[in-house]
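Spelled out, the chains give:
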Amino acid sequence: MNIGITCYPVAGGSGIVATELGQQLAIREHQVHFISYALPFRLDRFQPNLYFHGVETTAYPLFQHPPYTLSLAAKMAEVVCQFNLDILHVHYAVPHATSAFLAKQLVTCKLPKVITTLHGTDITLVGADPSYYDITRFSINASDGITAVSHYLANETKDTFRIEKEIRVIHNFIDGTRFNTESTSCKRRTFADSGEFIIAHISNFRAVKRILDVIDIFDRISKVLPAKLLLIGEGPDAILARRQVNKRNLNEKVIFLGNQDRVEAILPLADLFLLPSEEESFGLAALEALACGVPVIGTSGTGLVEVVMEGENGFLFPVGETAAMAKAGIDLLSDAKELAIFKENARKMADEKFNADKIVTEYEDYYKQVLNG
Ligand code: GMT
């Protein structure tokens, strides 16, 4: 198939899933065309069957913000006809599904099928904002196919946007050749002294990730057990995190690593991963941790329930229950036998349920269904 993929090119779950899907589809000999304003994060090496088309926007004194949605639609239409695309697969509804709808009105060649993959905040935060609600609902409904990364998100979308069409659930996936218990050449001593546990968190440091909860959980754990906290990622709340670390005198114990494009080189060193988000449609970062053999503590009532198996490879608690999260972390880290079982379960489950082969086949099958529909 000839497939166009649009995503946000920056570090973040939706862009990572889109990029890795494109790379896997190219391995399966589909022709994959990325259309975005910059080369996606993790699309960092040449690969046969994979192409990138940059979207240019023009500044003009009248524009407070150049209208990217329009430039993207025009570029999509151009690439559709030039490369005979069968499918335009857009990741993150706002504004990509709208651009794809516009592109379909523009093309003068064979019409592509538009598939929109919903990732999370495009529904729960941005799309639900009154200023975007109607256009997001319209654009989702106008898509030929809709997928969501969890049952939790599919249900949220149906409830919030009153969508009656089928929303196919296709979970996030993991390339086990990259993310595994041996995917690092780093030594534990790079970050921690002998006898210290390593606890990790990865996110875009937005409010939804509740970074202060991450620090509070770690603070409680580190009062009982020797431990270091690795904070990976950047974002608006990084400054809050630094202030909180200072305030709690945790400077010696917390290491800010910023954005990292090879998190698989760090994750296998960790003993525990924290993701106490307010909302999490799936939790790709948690899956990456599990694949590297790291148990997860996160929030219940989110899509994490589809990733973390309570009492087997992690624990989930209601949002904000940091004392209970810390206690679960302390109990697990204090029991070497149990911790080893959780680590093994984590790796095994990630590999069995969310391996790239299985999930990419689900996308391929869905493409075929939409093309024939
Ligand atoms: O986690 C983020 O805020 C980034 C966001 C994105 O769209 O880039 O991630 C969302 O998509 C990921 C990939 O499908 C999911 O695994 C994350 O759970 C989801 N984030 C939220 O729902 C907060």
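Residues numbered from 1 in each chain as written. Predicted model: local features only at pLDDT ≥ 70, side-chain atom pairs only at ≥ 80, totals over all residues. Heavy atoms only, no water.

Visitor: What is the right way to read the site of the ligand from this model?
Guide: Near the ligand lie 18 residues; those nearest to it are Ser14, His119, Asn172, Lys209 and Glu280. At 2.9 Å, a backbone N or O of leucine 284 approaches an oxygen atom of the ligand. For the ligand, whose unbound accessible area comes to 480 Å², protein coverage reaches 94%. If one sorts the elements of the shell around the ligand by residue count, helix H1 (residues 13–27) sits on top with three residues. Taken domain by domain, the shell around the ligand gets at least three of its residues from each of domain 1 (2–173 + 355–372) and domain 2 (188–353). (Near = heavy atom within 4 Å. Polar contact = N/O pair within 3.5 Å; in protein donor to acceptor, adjacent residues only side chain to side chain. Areas by Shrake-Rupley, 256 points an atom, 1.4 Å probe, with all protein chains shown as cover. Helix = DSSP H or I, 4+ residues; strand = E, 2+ residues; numbered from the N terminus. Domains from an automatic or database assignment.)

Visitor: Help me understand the nonpolar core in this model?
Guide: Counting residues in hydrophobic clusters, the biggest one holds 74 residues, and the most contacted among them are Leu25, Leu267, Phe273 and Leu287. Three or more residues apiece are contributed to this core by two domains, here domain 1 (2–173 + 355–372) and domain 2 (188–353). By size, the runner-up hydrophobic cluster in this structure holds 31 residues, among which are Ile217, Leu229, Val245 and Ile330. (Core = buried A, V, L, I, M, F, W, Y, C linked by side-chain atoms within 4.5 Å. Buried < 20%, exposed > 50% of the residue type's maximum accessible area, 1.4 Å probe, protein only.)

Visitor: What exactly am I supposed to notice about the domain arrangement of the protein here?
Guide: Buried accessible area, meaning the area lost when the parts come together, often serves as the stated size of an interface. What the domain assignment reports for the protein is domain 1 (2–173 + 355–372) and domain 2 (188–353). Tallying the contact residues gives 23 residues for domain 1 and 21 residues for domain 2. Summing the contributions of domain 1 and of domain 2, the shared interface buries around 1600 Å²; its carbon and sulfur component is 52%. Looking at the side of domain 1 facing domain 2, the largest losses of area belong to Arg42, Tyr152 and Asn172, adding up to 33% of the total buried there. Where domain 1 meets domain 2, there are two salt bridges. One salt bridge connects aspartate 44 with arginine 262, and the closest N-O pair in it is separated by 2.9 Å. In this assembly, domain 1 and domain 2 are joined by ten residue pairs in polar contact (both at pLDDT 80 or more). Contributions of two or more residues to the side of domain 1 that touches domain 2 are made by H1, helix H4 (121–126), helix H6 (151–161) and helix H12 (356–372). Grouping the constituent residues of the side of domain 1 that touches domain 2 by class yields ten nonpolar, nine polar and four charged. (Contact = heavy atoms within 4.5 Å. Buried area = accessible area lost by both parts, 1.4 Å probe. Salt bridge = Lys/Arg side-chain N within 4 Å of Asp/Glu carboxyl O. Nonpolar A, V, L, I, M, F, W, Y, C, P; charged D, E, K, R; others polar.)

Visitor: So what exactly am I meant to see when it comes to the sheet that holds strand S12 (residues 296–299) here?
Guide: Through backbone hydrogen bonds, the strands of a sheet pair up, either in parallel or in antiparallel fashion. Strand order across the open sheet formed by six strands is S10-S9-S8-S11-S12-S13, with parallel pairing between neighbours. Both edges of this open sheet fall to strand S10 (254–258) and strand S13 (314–317), since each of them pairs with a single strand only. Within this sheet the neighbouring strands show an average axis-to-axis angle of 20°, counted without direction. Direction of pairing for strand S9 (residues 227–232) relative to S10: parallel, over a ladder of four bridges. Looking across to S10, one finds that leucine 229 is bridged to valine 254. (Pairing = 2+ DSSP bridges. Axes fitted to C-alpha atoms, helices over the stretch in contact; angles between N-to-C directions.)

Visitor: I would appreciate a short explanation of the sheet that holds strand S5 (residues 113–118) in the present structure.
Guide: An order of S3-S2-S1-S4-S5-S6-S7 is seen for the seven strands of this open sheet, with the pairing classed as parallel. Of all the strands in the sheet, just strand S3 (50–54) and strand S7 (168–169) have a single pairing partner and so form its edges. Bridging between strand S6 (residues 145–148) and S7 involves two bridges; their strand directions are parallel. Note on S7: the bridge partner recorded for threonine 147 is arginine 168. Across the sheet, H12 is in contact with strand S1 (2–6), strand S4 (87–91), S5, S6 and S7; its angle to S5 comes to roughly 140°.

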